[in-house]
Amino acid sequence: MASRLLQGTWALTVQALRACGPAWAAAPSMATGGGIPSDEEQATGLEREIMIAARDDLDPYNILAPKAASGTKEEPNLVPSITDKRIVGCVCEEDNSAVIWFWLHKGEIQRCPNCGTHYKLVPHQFSH
């Protein structure tokens, strides 16, 4: 009984689709208007802002790794912060798995207590 009911429903659906003709088959899709939109065309909100900033070589939300300096007293690694202090982690050697954590305070250049790399806190303003 149920199978006959489903067969009848299927037949009605097929008839309705055939009655619509080619107009139903030519329903608009993303591909008919010029192809699939790119990520930049489809992105909205914060994602779009980040993509536009990346295209212009900007990093408004500090997503990218900071540019490393030599770490000497004359050219310390610059660490942005919105406060007067920030905690910093230093991986002293490439193959080392331990991180040395220390507080970095505004105004003074500080050294990593383990390897001697120099860091300096610089003020950072939000882009919005």
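Parameters and conventions
- Residues numbered from 1 in each chain as written.
- Predicted model: local features only at pLDDT ≥ 70, side-chain atom pairs only at ≥ 80, totals over all residues.
- Heavy atoms only, no water.
- Helix = DSSP H or I, 4+ residues; strand = E, 2+ residues; numbered from the N terminus.
- Buried < 20%, exposed > 50% of the residue type's maximum accessible area, 1.4 Å probe, protein only.
- Areas by Shrake-Rupley, 256 points an atom, 1.4 Å probe, with all protein chains shown as cover.
- Pairing = 2+ DSSP bridges.
- Axes fitted to C-alpha atoms, helices over the stretch in contact; angles between N-to-C directions.
- Phe/Tyr/Trp six-rings, centres within 6.5 Å; stacked < 30°, edge-to-face > 60°.
- Lys NZ or Arg CZ within 6 Å of the ring centre and 35° of its normal.
- Polar contact = N/O pair within 3.5 Å; in protein donor to acceptor, adjacent residues only side chain to side chain.
- Contact = heavy atoms within 4.5 Å.
- UniProt positions renumbered as here; feature names shortened; annotations may be inferred.
- Patch = residues over 30% accessible without salt bridge, like charges linked within 9 Å, V, L, I, M, F, W, Y side chains within 5 Å.
- Salt bridge = Lys/Arg side-chain N within 4 Å of Asp/Glu carboxyl O.
- Core = buried A, V, L, I, M, F, W, Y, C linked by side-chain atoms within 4.5 Å.

Draft legend 1. View of the overall build of the protein. When helices and strands are tallied, the protein shows 4 helices and 5 strands. Its helices and strands in sequence order give the protein the pattern α-α-α-α-β-β-β-β-β, from N to C terminus. Considering the protein as a whole, with its 128 residues, one finds that 14% of them fall into the buried category. Taken as a whole, the protein presents about 10,400 Å² of accessible surface, with 57% of it coming from carbon and sulfur.

Draft legend 2. Inspection of the sheet that holds strand β1 (residues 77-81) at higher detail. The strand order across the open sheet formed by 3 strands is β1-β5-β4, and the pairing between neighbours is mixed. In this open sheet, the two strands that pair with only one neighbour each are β1 and β4 (109-111). Pairs of neighbouring strands in the sheet enclose a mean axial angle of 35°, with direction left out of account. Here β1 pairs with strand β5 (residues 118-123) via 5 bridges, running parallel. Considered in β5, the bridge of Val79 is made with Leu121.

Draft legend 3. Structural view of the packing of aromatic side chains. Counting across every chain of the model gives 1 aromatic pair. Residue placement shows Lys85 over the ring face of Trp103; its charged tip is 4.9 Å from the ring centre.

Draft legend 4. Spotlight on the side chain of Ser81. Locating Ser81 in the fold gives a position in strand β1. Separated by 3.1 Å, the side chain of Ser81 and the backbone nitrogen of Thr83 make a polar contact. Contact partners of Ser81, with chain neighbours within four places excluded, come to Arg86, Leu121, Val122, Pro123 and His124.

Draft legend 5. Structural context of the UniProt feature "modified residue: N6-acetyllysine" (unreviewed entry) in the protein. The sites that carry the UniProt feature "modified residue: N6-acetyllysine" (unreviewed entry) are, in the present numbering, Lys67, Lys85 and Lys120. Mapped onto the elements, Lys67 comes out in the loop between α4 (45-55) and β1. Looking at the element boundaries, Lys85 is found in strand β2 (residues 85-90). With a relative accessible area of 43%, Lys85 lands in the partly exposed category.

Draft legend 6. Structural context of a nonpolar patch on the surface. Where nonpolar side chains cluster on the molecular surface, the patch consists of Ile87, Val91, Val99, Trp101 and Trp103 and spans about 510 Å² of accessible area. As for its position among the elements, Ile87 is in strand β2.

Draft legend 7. Molecular detail of the pattern of salt bridges. This model, assessed by the stated rule, comprises 2 salt bridges. In this structure, Glu40 and Arg55 form a salt bridge, with 3.4 Å as the shortest nitrogen-oxygen distance. Linking Glu40 in helix α3 (residues 39-42) with Arg55 in helix α4, this pair joins segments that are 15 residues apart in sequence. For Glu40, a relative accessible area of 33% gives the class partly exposed.

Draft legend 8. Examining the nonpolar core more closely. If you look at the biggest cluster of nonpolar residues, it comprises 8 residues: Val79, Val88, Cys90, Phe102, Leu104, Cys112, Tyr119 and Leu121. When residues no more than four places from it in sequence are discounted, the contact partners of Tyr119 are Pro76, Asn77, Val79, Val88, Cys90, Phe102, Leu104, Glu108, Ile109, Gln110 and Cys112.

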